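# Observations on the model geometry
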Amino acid sequence: MKKTGILYDERFLLHKTGEGHPEIPERLSVIMRGIEEAGLLSKLVAVPVSEARMKWIEKVHSPKYIHRFAEACMLDLGELGDPDNQICPQTYDTALLAVGGILNTIDMLMDGKIENAFCAVRPPGHHAEMMEAYGFCFFNNVAIAARYLQYRWNVSRIGIIDFDVHHGNGTQHIFEQDADVFYYSIHEHPSFAYPGTGREFEKGTGPGLGATLNSTVLPGQGDEEYMHKITRDLLPAFDLFKPEIILVSAGFDAHAADDMSDINLSTQGFSWIMETICEMAERYAGGRLISILEGGYALDVLPELLKNHVKILLGLKEEQTELERKSHVH
Amino acid sequence: MFIDKSMTTDVISAGPEMSIAEAREIMAKNGIRHLPVVSEDKTLLGIVTDRDIRTAMPSAVLGQAGGAENRLADIKVKEIMTTRPVTVSPCQTLEDALLMMEMHKVGAFPVVDQVGKLQGIISIRDLLRAFVNVLGLRDPGALVGIVVEDKPGGMKKIVDAISELGVSFGSILVVRVWEEGKRAVFPYLLTTNIARVKKQLREKGFTLLDPMEWCLDEVAKT
Ligand SMILES: [Zn+2]
């Protein structure tokens, strides 16, 4: 069994988004309950939470934007830039804690205290641009994590895999010129889904040309198409790039039960994706992998999806199938 | 939407006596396919396209033993240019240019004033840029497809239903003939919370189109 870290704090629930908004605190509560009820919580190493230092957030976001975000929360303006980005007075502090917790996760992993980790954080991050909040996202968690790995830990090749059903426009734009951070995303085709970026011809710019890769999936598709495109696009790309660590933007809104998209991934489909990512982490990165929660809004399937996700991180997949086989016999 | 708001005013042009070798080089260097030919006082004399030059090349090769490049240097732009090309005026509109491009199967028009002087050039690229902007594709958003009866007020109901949710519009496309008596409306919405919009529209009795059926062309449905 792997030493897998878990980042969670009840303060992540303090970011409230109001009525009719899908990005709600219950998402995290049901996820943590799912992990606990499967008996996995005791197998995980808890990562301490603390507020991120501003210098790391400023590696991605402009001080002006950070200030605007802080102020909007302080004044309780209700939203930041767009009604999608609902805020409450605690949103800024919650976002700071989420980033801080992720940076602590990196420290523990780089110090060898854990081998991989899952960060159950809110708010999500991959739509957040350097100077703007978008699509429920304020600080780009995964992007700040990658910059921290570069500047604090001198990691020279970082691979980001984003399987949220929406394209991570923020993450792509932040790293599109950076040859040392490879951004791969698989998502619903941008002509049919938010945010409208992440077309297959977008491959990075300048020195970063070739270090951005997008696979698009048409409405109605599911497991087969994901397996086909990940095998065709991601596997050979990472075989060339050979990341020293893998960061995962883990969104679960491509599930058939999630009405945020027209994509129909099954629960098993998510497991296949995560197993494939973990195999790549073993092959190139000595197993080093940090998974960070993005979207996923179907409260009834999240517990099972995240239970499987964490189980795969722990390396318990085999045992589980063993167990299931036995239970079928009895 | 007048053409002078979208045209390229910094036009690269040629004089009538320029060799086609030089014209070819200028076009390649600037990545352009249309080269207006003007007199010294900027009066439009004609236009040369990269295709005109390519067509002139084989005859240049055949016509002279001294090598194609030499002969290309001898031929002047005025010998192969299209004289009296289709032009537009700065106060015609983008829609005019769009329809004329379709009609004449041409990729660019010189823009000339009343006395025939070159003011700019409007190409299919300028139109594309304008329409990418109109569609709102640079803003994060998502498209929804709705079928409605072709009756007055149908659009208002859609706009009201969406506006009620506080969602803003990037653009709205309408396909006027979808099927008999129906039109298809495609709002491009600046929100990621598209599930909420779809739910609202369904609850208000709208029929949403299967994304795999979306089409902007006027095709007869089978
Ligand atoms: Zn998403």
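Just so we're clear, the structure is a prediction, and the values are computed from it rather than from any experiment.

## Re the overall build of chain A
Each helix and strand counted, chain A has ten helices and ten strands in total. Scaling as 2.2 N^0.38, a compact globule of 330 residues should have a C-alpha radius of gyration of about 20 Å, and chain A matches this with 18 Å. A principal-axis box enclosing the C-alpha atoms of chain A has dimensions of 60 × 45 × 40 Å. Counting only contacts in chain A whose residues sit at least 6 apart along the sequence, the fraction spanning at least 24 positions is 77%.

## Quick notes on the sheet that holds strand 1 (residues 34-38) of chain B
Residue and element names in this part refer to chain B. Sheet architecture is open: three strands sit in the order 1-2-3, paired in antiparallel fashion. Pairing within the sheet leaves two strands with one partner each, and these edge strands are strand 1 and strand 3 (82-83). One ladder, built from five bridges, connects strand 1 with strand 2 (residues 44-49); its direction is antiparallel. Residue pairing for strand 2: Val-38 is matched across the bridge by Leu-44. Sheet strands in contact with helix 1 (residues 20-30) are strand 1 and strand 2, and its direction is about 130 degrees off that of strand 1.

## A short note on the domain arrangement of chain B
Segmenting chain B into domains produces domain 1 (3-132) and domain 2 (142-221). Computed from C-alpha coordinates alone, the two centres of domain 1 of chain B and domain 2 of chain B are separated by 41 Å.

## Let's talk about the nonpolar core
One finds A:Phe118, A:Phe139, A:Phe163, A:Tyr226 and A:Ile277 to be the most contacted residues of the largest nonpolar core, which totals 106 residues. Per-element accounting of this core gives the leading share, twelve residues, to helix 4 (residues 91-110) of chain A. Aside from chain neighbours lying at most four places away, what touches A:Ile277 is A:Ile161, A:Phe163, A:Ile246, A:Val248 and A:Leu289. In this structure, B:Ala14, B:Ala21, B:Met27 and B:Ile80 belong to the second largest nonpolar core, which totals 17 residues.

## Comments concerning the interface of chain A and chain B
Contacts between the two partners involve 22 residues from chain A and, on the opposite side, 19 residues from chain B. In this assembly, chain A packs against chain B so that about 1,500 Å² is buried in total across both faces, 56% of it on carbon and sulfur atoms. Of all residues in chain A, A:Phe192, A:Tyr194 and A:Met260 bury the most surface against chain B, accounting for 30% of the area lost on that side. One can count one salt bridge joining chain A with chain B. The salt bridge involving A:Asp262 is made with B:Lys198; its shortest N-O contact spans 3.1 Å. Counting across the chain A and chain B interface gives six residue pairs in polar contact (both at pLDDT 80 or more). The residue makeup of the side of chain A that touches chain B, split by class, is eleven nonpolar, seven polar and four charged.

## A look at the side chain of A:Thr212
Secondary-structure assignment places A:Thr212 in strand 8 (residues 212-217). Look past the residues within four positions of A:Thr212 in its chain and what remains in contact with it is A:Gln172, A:Glu176, A:Phe182, A:Tyr183, A:Glu202, A:Lys203 and A:Gly204.

## Observations concerning the pattern of salt bridges
As enumerated under the stated definition, the model contains 22 salt bridges over all chains in all. A salt bridge links A:Glu200 to A:Lys229; the nearest nitrogen and oxygen atoms lie 3.3 Å apart. Separated by 29 residues along the polypeptide, A:Glu200 in the loop between strand 7 (181-188) and strand 8 and A:Lys229 in helix 7 (residues 223-241) bring together distant segments of the chain. One salt bridge connects B:Lys156 with B:Asp160, and the closest N-O pair in it is separated by 2.6 Å. Pair noted here: B:Lys156 and B:Asp160 are both in helix 7 (residues 154-163), with a separation of four residues, about one helical turn. Assessed through its relative accessible area of 34%, B:Asp160 is described here as partly exposed. Linked by salt bridges that have partners in common, A:Glu23, A:Arg27 and A:Arg122 make up one network.

## Quick word on the state of the cysteines
Residues and elements named next belong to chain A. By the definition in use, this model includes zero disulfides over all chains. Cysteine Cys-88 is unpaired, with the sulfur of Cys-73 as its nearest cysteine sulfur at 7.0 Å. You can call Cys-88 buried: its relative accessible area is 8%. Free cysteine Cys-119: the closest other cysteine sulfur is in Cys-278, separated by 14 Å. A relative accessible area of 0% means that Cys-119 is categorised as buried.

## Some points on the packing of aromatic side chains
All names here are of chain A. According to the stated counting rule, one finds 17 aromatic pairs over all chains in the structure shown. Here the aromatic rings of Phe-136 and Tyr-297 are separated by 5.9 Å at their centres, their planes lie at 90 degrees, and the arrangement is edge-to-face. Here the residue Phe-136 occupies a position in the loop between strand 5 (116-119) and helix 5 (141-151), and Tyr-297 occupies one in the loop between strand 10 (289-293) and helix 9 (302-314), the gap between them amounting to 161 residues. Judged by its relative accessible area of 2%, Phe-136 falls in the buried class.

Criteria and thresholds
Residues numbered from 1 in each chain as written. Chains lettered and ligands numbered in written order. Predicted model: local features only at pLDDT ≥ 70, side-chain atom pairs only at ≥ 80, totals over all residues. Heavy atoms only, no water. Helix = DSSP H or I, 4+ residues; strand = E, 2+ residues; numbered from the N terminus. Rg over C-alpha atoms; globule rule 2.2 N^0.38 Å. Contact = heavy atoms within 4.5 Å. Pairing = 2+ DSSP bridges. Axes fitted to C-alpha atoms, helices over the stretch in contact; angles between N-to-C directions. Domains from an automatic or database assignment. Core = buried A, V, L, I, M, F, W, Y, C linked by side-chain atoms within 4.5 Å. Buried < 20%, exposed > 50% of the residue type's maximum accessible area, 1.4 Å probe, protein only. Buried area = accessible area lost by both parts, 1.4 Å probe. Salt bridge = Lys/Arg side-chain N within 4 Å of Asp/Glu carboxyl O. Polar contact = N/O pair within 3.5 Å; in protein donor to acceptor, adjacent residues only side chain to side chain. Nonpolar A, V, L, I, M, F, W, Y, C, P; charged D, E, K, R; others polar. Disulfide = S-S within 2.5 Å. Phe/Tyr/Trp six-rings, centres within 6.5 Å; stacked < 30°, edge-to-face > 60°.

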